[in-house]
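Examining the three-dimensional arrangement
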Amino acid sequence: MKFIIDRFDGKKSYEQTYTVEKKDIEALTLLGVLLLIKQKQDVTLNFTASCRCAICGACGVRVNGHAYIACDSKMTELFEEYGEADAFRISPLANFKVISDLVVDWEPAMENLRKIKPALVAKAEFSEKEGCRQNQEEFDRIIKQWDCILCGCCASECNKLTADHADYMEPFVFTHAWRAANDSRSKDPMIHAKPAVTNGLWNCVHCQECANRCPKGISSADDIAGLRAMVLKKGLNSGVGPAHAKSFYTDLVEDSGRLNEIRLALRTEGVSTALRAGTAITLMRAGKMNPLEVFGGHTIEGHKDLVKMIEAAKAATKE
Amino acid sequence: MTEQFTRREFLQSACITMGALMVSTGGVESAYAASTTTATSDTKMPSCDILIIGSGGAGLRAAVAAMKKNPKLSVVVVSKTMPSRSATTMAEGGINGVIDFSKGDSYELHAYDTVKGGDFLVDQDSSIKFCKAAGEAINELDYLGMPFSRTKEGKVKARPFGGASKVRCNFSSDKTGHIVAHTCLDDAISSGVKFLMDHELLDIGVDNGNCEGAVLRNIRTGDIAPVRAKSVILATGGYTRIFWNRTSTPYISTGDGVAAALRAGVAFKDPEMVQFHPTGVVHGGTLITEAARGEGGYLLNNLGERFMKRYAPSKMELGPRDIVARAIETEIREGRAFGHGLEAYVLLDVRHLGKEKIIKDLPQIRHVGKLFENIDLVDQPMIIRPTAHYSMGGIDVAKFDDMSTPVPGLFTAGEASCVSIHGANRLGGNSLSDAVVTGKIAGDGAAAYASKADFSAGKRLHDLASQWNSRFKEVTSGSGDAKQMYAIREELGAQNWDNMGIFRTQSKLTSLGGSLEELQARYNALRIPNPNPVYNTAFTEYVELGNLLLLSQAACLAASERKESRGAHTREDFAKRDDANFLKHSMVTMNASGKLQMGWKDVEITQFKVEERKY
Amino acid sequence: MQKEFAFFPGCVLTQAAIEAKMAIEAIAPILGITLKEITGWSCCGASQAQDVDPLATLVANARNLALAEKMNLPLLTTCSTCLLMLTRAKTQLDNGQKERINTFLAKGNMDYKGTSEVTSLLWLLAQNAEEIKAKVKKPLSNLKVAVFYGCHSVRPQKDLNFESSVNPTSFETVVKALGAQVVPFEKRLDCCGFHAVYPAEKSVMKMTSGIVNSAAESKADCVVTPCPLCQMQLDIYQDDAQATTKSKARVPVIHLSQLVGLALGIDAKKLGLDYNVIDASKLA
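1. Some details on the arrangement of the chains
Comparison of the two pairs of chains in contact shows the highest number of contacts for chains A and C. In this structure chain B stays clear of chain C, and the shortest span between their C-alpha atoms is 16 Å.

Shown next, in the form of structure tokens:
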């Protein structure tokens, strides 16, 4: 069967096909196949690998356009996933600059990590000499996000990064910001949350690729949501992103119980809704937008009960 | 005149006639800029105050310590790939350190356990200082943000561990090493540490007895450059890759720093002291954690018997690592195992624990079984064999207090170093302590030194860089086949395992010496044609193999000369420990003509009486 | 095939995607499905309210699920984000949150039991493709379709627990059962950007344009999507998006329910094809 690999020699990109016998690779992991090709067929094929047991994060690659860590991907599972294909396309992680073949540049990602100040800044009551105090529950709360091995799989398929990386950061960066901000030992969560806001927290498109690709089962999408909720509570309310999200909440809890699209547009962008006049007019022409909705939609039956339930939930969490 | 380079000045002075790397602002920056300028010296070489080779726990700790000690110094951490691919991430059990004195534990007791565990080849005063620093490091790590598993009182939680008379192995669920590595990395990033990624170490330059800096190869562009530094810290990890695939360590941990130090005139201390972990995956060598036995797993031979009853009747599968490892190898040798050659194995059976318990308490092992051997531990026993796990030996440390080598300006830390703290056998949980403690000490030491030192002219560096450039051209042109390189590497691993593995005899070691000579000759003739300088990993693997060969020769020499059994070093022809003749460190050095020589160094024996090692 | 469902239309079907409501109501009786709209259903949070107060949205969705349970019917939705929000809420409730959330639901005299499964129109049709095929009156044999799944129909795979997220086949199965041709379409698993069209407008327009151009390149007659949010993004904003990238291509984007309706021989007007912004009349 064939492995079609997207290669780059430092100057030009090209694809190269390697043929292997299926029986020779069935029992292997994808990393095993890459090593086999390099050692038996072509020593110039480049990829990074270190621990070969899914803890160092070195071997992230794409198979048929989706990111995996090669050492943790059994060929039998890939055969099952892609319907007993007789060819696989192997590419470097997307959304990273390619240095050579399947090797990518980690410097910009490290720079992004620096922006959110990844290290804990501990509360004043703790010290280097005495350490900190934290209970097991507080540890359990953040430890999943500490599973991150910086493999880059979450960043590879991130739709926002692909569209434009200049005003965004790799999803794992937001996860690192989340775990520092949610550490009970932290002096000030905003140390990490604020730079997350200024570096694109509200630009996530919710595509769920990060949550889907992470080999450790971390959902950076959830961590982004968590950071958003946190900064809203802290009063970092300004901007289109917060206004947009809050509009849904307001409709659900305070208004009719369902989305009011006219109000959504007004609340999100305020005066600059004028800029969207084109869309609004299109919608009204198409008969899809009822301008009278600005006065409020029909409240759902049982809304009072919904409100009572939500109040009860709020009261319970305050305790 | 003492030059204190600020970061800005360093960047401005850093130059080479190589391709420019990406220069990004902030803490992660390349050391090389496109322009060519000179700084204070008339040589056109890039330079920095402190050059740290290796970005595992030790290297990262050293960088932060150095920057804190003297913020005016330029500090660069060199990484073969990027900074989180180290062996530190693979450690699982925990990090030793006494923080609870209420049950009779103390730094002295930890030190005693360490000394005894090391079969008395441990430098005792250093071990006490080490254990004190290890204890203090636990709270420091907590304060730095390391998430630890917690006691009911919210304090750091510890578990009992091999060879420890008290409970002091502090942990973070089942991946303490990964957590330590990322805590150190976060700290380094937040502290503004500069990283030089995709660079490998070729050699250390020593001129007039002082360290000049290092020759580095930029793997991205292929450029080989001398880099002057006032202090160099070697934190490149261990050398158990001399057994190639019968080791648990990463592909990239090839002992580059130890080999470079040896070539630069620093002794390789206790090279024969390699720890073998009893349970490694057969096809690969990665570790199956001790927890599998801790939870009640059985070790079985081809007769279906729990053979440990013949080797450690009371402790059975939970005997000390070296005893269990020897037991398994004996079963293999005496024909009571399965398979043959390097892939012979015994069985680790956890089926009797039940599916629920396996899923709850041993999920990682089950995953490893499926991944490497297509075995589901719920239904089948796992196939395992001992695997080389840790290097007690390493670069000779002259003074523990600053982790300096005998060469002024050259320091070392972590698994690459040998004080010795671990002697002839390392206690579980002490290696993370080693990385964290000695890294910091080396950083402080390197900074103190660099604060007072001058840059050297870099003459030796210049020559070495020239030689490497020629060698690169020679090796990557002409005709040859990479398969030959891989063949040498496989044979090296097999030869080392068969002849310098868990059981050693003079005849096997002599035979190994001959094999290594032959492999060296074949290596010297190797040509791996690959004209592309960009990311030429064939040359990287070539360099690594050269280092592994050298380190194998050193270990073989020392194993041959140490005619006793001590700790992990088991001589069947000298089965007893011989304190009268061998209570000393083996020291392998390279003479002026490149030949390896054997020497010895006293062990610091002070507080603890040397006694028989019994558990 | 399950015939009766507690219907959860989701907010946009009442307004900006009114044609999707029309289409589902038109095709249901012909397929033999009864959709009983849940009385008093609330917004699912749309992944937006979740960013403000995750607990409040969990409560709201627990209520939505409980309302369906009261009707003794499984819940069916035609919006992918609603599908994901409800499915995730159900998973949380079934894995430890039930007791706690029920103490809040009790304030409104409600109780979540976990007896109503959550499904979508796409899943239902894919699971009963043969039955659907038998009902086709106008096989769409000359229609080239670019299937656009939309993120929340397939990701995260472990939450939705239905099919492979990297190699899904449900949509292709349904479209083929309707007799249409599925054309290979590079961006079939990409994101339309709907949820961030306000804060990340530039990026989203680029994403939308890329999808439309990819469909045009594959010579598709139309893009079909099971999610009304994707449909809105790709249809209502298509002119804007194509303007930002100076692209000429225009491809009609229709709802899955509209495609089904065409194959069932239902009149285009009844399927709300007039409401589609990019002219879809040629598909009828």
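2. Thoughts on the domain arrangement of chain B
Residues and elements named next belong to chain B. Partitioning chain B into structural domains gives domain 1 (277-388) and domain 2 (462-576). Summarising the inter-unit geometry, the C-alpha centres of domain 1 and domain 2 are found 30 Å apart. Counting from both sides, the interface comprises six residues of domain 1 and, opposite them, seven residues of domain 2. Of the residues assigned to the side of domain 1 that touches domain 2, the class counts are three nonpolar, no polar and three charged.

3. Some thoughts on the sheet that holds strand β15 (residues 394-396) of chain B
Residue and element names in this part refer to chain B. Here we have five strands laid out as an open sheet, ordered β17-β15-β10-β18-β19, and mixed in their pairing. Sheet topology places β17 (417-418) and β19 (596-602) at the edges, where each strand pairs with a single neighbour. The sheet contact formed by strand β10 (residues 268-269) and β15 spans two bridges and is antiparallel. Among the inter-strand pairings, Lys269 is bridged to a residue of β15, identified as Gly394. Sheet strands in contact with helix α15 (residues 537-561) are β10, β18 (584-590) and β19, and its direction is about 55° off that of β19.

4. A word on the sheet that holds strand β2 (residues 34-37) of chain C
Residues and elements named next belong to chain C. The strand order β2-β1-β3-β4 describes an open sheet built from four strands, whose pairing is parallel. The two strands at the open ends of the sheet, each matched to only one other strand, are β2 and β4 (118-120). Each strand of the sheet is rotated relative to its neighbour by a mean of 40°, with strand direction disregarded.

5. Things to note about the pairing of strand β3 (residues 60-63) of chain A
All names here are of chain A. Across the two faces of β3 the burial is the same, with Gly60 and Arg62 and Val61 and Val63 all buried. Across four bridges, the pairing between β3 and strand β4 (residues 66-69) is antiparallel. Following the sheet pairing, Val61 is matched in β4 by Tyr68. Counted between consecutive antiparallel strands, the loop separating β3 from β4 contains two residues, among which Asn64 sits at a positive phi close to 50°. Looking at chain direction, β3 and strand β5 (residues 87-91) are connected through two bridges and run antiparallel.

6. A word on the domain arrangement of chain C
Residue and element names in this part refer to chain C. Parsing chain C into structural domains produces domain 1 (4-121) and domain 2 (129-279). The C-alpha centroid of domain 2 is placed 23 Å from the C-alpha centroid of domain 1. Listed by partner, the interface residues are 26 residues for domain 1 and 27 residues for domain 2. Mapped by element, the contributors of at least two residues to the side of domain 1 that touches domain 2 are α1 (18-31) and α3 (80-105). In terms of residue class, the side of domain 1 that touches domain 2 is made up of 17 nonpolar, seven polar and two charged.

7. Here we look at the interface of chain A and chain C
Opposite the 58 residues of chain A that make contact, chain C presents 56 residues. Elements with a contribution of two residues or more to the side of chain A that touches chain C: α7 (159-163), α10 (209-213), α11 (220-233), α12 (240-254), α13 (261-269), α14 (277-285) and α15 (303-318) of chain A. Top element by residues in the side of chain A that touches chain C is α12(A). It accounts for ten residues. Of the residues assigned to the side of chain A that touches chain C, the class counts are 26 nonpolar, 18 polar and 14 charged.

What counts as what
Residues numbered from 1 in each chain as written. Chains lettered and ligands numbered in written order. Predicted model: local features only at pLDDT ≥ 70, side-chain atom pairs only at ≥ 80, totals over all residues. Contact = placed C-beta atoms within 7 Å. Domains from an automatic or database assignment. Nonpolar A, V, L, I, M, F, W, Y, C, P; charged D, E, K, R; others polar. Pairing = 2+ DSSP bridges. Helix = DSSP H or I, 4+ residues; strand = E, 2+ residues; numbered from the N terminus. Axes fitted to C-alpha atoms, helices over the stretch in contact; angles between N-to-C directions. Buried ≥ 20, exposed ≤ 12 C-beta atoms within 10 Å, placed from the backbone.

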